[in-house]
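A structural walkthrough
Listed here are the chains, written in short residue letters.
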Amino acid sequence: MADAFFSFFVLLPLILLPILYFIVRPRPVNIPIKNRHVFITGGSSGIGLALAHRAAAEGARVSIMARSLTKLEEARNSIKNATGIEVAIYAADVQEYDAVKKVVDEAGPIDVLLLSHGVFYASELEKMELSEVKFTLDVNLMGCLNMIKAVLPKMKNRKDPLPVSIAFVSSQAGQVGVYGYVAYSASKFGLRGLAEALQQEVIGDNIHVSLIFPPDTDTPGLVEGRKRRPELTKIIISSSGIMKADEVAQKAFDGIRHGSFFISCNLEGIALSLATAGLSPQRSFLMAFVEVVAAGIPRIVALCFQCNWYRSIEKWHKEKKFNLS
Ligand SMILES: NC(=O)C1=CN([C@@H]2O[C@H](COP(=O)(O)OP(=O)(O)OC[C@H]3O[C@@H](n4cnc5c(N)ncnc54)[C@H](OP(=O)(O)O)[C@@H]3O)[C@@H](O)[C@H]2O)C=CC1
Ligand SMILES: CCCCCCCCCCCCCCCC(=O)[C@@H](N)CO
């Protein structure tokens, strides 16, 4: 017994920690925010606006982009009032590459690209129009690709040798599929593949990719989105907490500064990231240690959650049948 204890708590860390210290890739990095150009899509509302506030407060040069000029102007005023800093505003739709390219050329080289634009319809696929599915994928996934295609050439050719960042606002529904989010989860899971592949392509240019995974977050978008959420979506989403946009923004910048590939925002998020670590990069040898040693534990917790969710779905279907007969 004492031997087993010694092996697990002393020998294992003693052997594993130095190995992990040497193998974690990409290597740890520090990305400064002060005096850098932070460009935020969806920066006029919700999480994007909170990110803009925080970036301005940290002394960055901030640009925000969204479709509605009125909302952009309101955002600019609120940031000016809170921090005294004037942010640049750009009206464009992420779906339109030419418009995006024009904005990016005008805004100048970007050090931190934060992609926080997004739409979220919760509805069963059966009840969704294909045009709504396509719209979700076009904005959430293609919109990010349009932005990156427009930003990358200048980002790669920058004179400044400091590391830079591309960070996506995904969602916990981009780590686990959720009832009612067929289109949305597809768009957010898509970002993970995009980010993993992109990181390999841009690491040579000292560009570091992050994926932020917020739970439900109190934003104007959520207030709208909640109006048409199916009952089962509500039940499953309640497995994770609800956060304020500025808490998410704080977690986001903590992670971006360290070039973290996964940025979790709450405790459930950490569990999700452990359970879904897969083949994603990990820069922190300590987190890698937790991932390796804990491995089976998040999996059993995950199976318990799935058990609960499928029981809710079964129960809901039974009640529906009962109510019909
Ligand atoms: N709130 C939540 O519970 C969670 C949100 N997320 C993600 O966070 C991100 C932000 O969400 P949230 O802050 O709640 O949303 P909001 O609806 O409050 O804000 C969305 C922002 O994106 C902009 N936007 C939307 N469509 C486009 C477009 N086609 N082109 C350019 N800009 C666009 C909006 O401005 P405009 O309409 O003027 O274009 C607005 O600035 C999304 O990607 C969402 O999926 C993730 C997890 C939880
Ligand atoms: C090891 C296992 C741990 C399990 C924890 C389970 C938590 C999963 C809950 C999923 C929450 C999805 C939130 C979506 C938020 C979002 O993007 C929307 N606001 C958009 O409408």
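Residues numbered from 1 in each chain as written. Chains lettered and ligands numbered in written order. Predicted model: local features only at pLDDT ≥ 70, side-chain atom pairs only at ≥ 80, totals over all residues. Heavy atoms only, no water.

Per an unreviewed UniProt entry, the chain goes by 3-dehydrosphinganine reductase and derives from Trifolium subterraneum. The Sequence similarities (unreviewed entry) field of the UniProt record for the chain holds the comment "Belongs to the short-chain dehydrogenases/reductases (SDR) family." We quote the UniProt Catalytic activity (unreviewed entry) comment for the chain here in full: "sphinganine + NADP(+) = 3-oxosphinganine + NADPH + H(+)". (UniProt positions renumbered as here; feature names shortened; annotations may be inferred.)

Okay, the overall build of the chain next. The helix and strand inventory of the chain stands at 12 helices and 9 strands. For the chain, the C-alpha radius of gyration of 21 Å lies close to 20 Å, the compact-globule estimate for 325 residues. For the C-alpha atoms alone, the extent of the chain along its principal axes is close to 65 × 65 × 35 Å. Classification of the 325 residues of the chain by burial places 48% in the buried group. Accessible area of the chain: about 16,600 Å², with a carbon and sulfur share of 61%. Treating the 36 positive side-chain charges of the chain as one cloud and the 31 negative ones as another, the clouds have centres 2 Å apart. (Helix = DSSP H or I, 4+ residues; strand = E, 2+ residues; numbered from the N terminus. Rg over C-alpha atoms; globule rule 2.2 N^0.38 Å. Buried < 20%, exposed > 50% of the residue type's maximum accessible area, 1.4 Å probe, protein only. Areas by Shrake-Rupley, 256 points an atom, 1.4 Å probe, with all protein chains shown as cover. Lys, Arg positive; Asp, Glu negative; His and termini not counted. Charge placed at Lys NZ, Arg CZ, Asp CG, Glu CD.)

So, about the sheet that holds strand 9 (residues 262-264). In spatial order, the strands read 3-2-1-4-5-6-9; together these 7 strands make up an open sheet with parallel pairing. For this open sheet the edge positions go to strand 3 (88-91) and strand 9, each flanked by a neighbour on one side alone. Direction aside, neighbouring strands of the sheet carry axes that sit 20° apart on average. Relative to strand 5 (residues 164-169), strand 4 (residues 112-115) runs parallel, the two being bridged by 4 bridges. If you follow Val112 over to strand 5, its bridge partner there is Ser165. (Pairing = 2+ DSSP bridges. Axes fitted to C-alpha atoms, helices over the stretch in contact; angles between N-to-C directions.)

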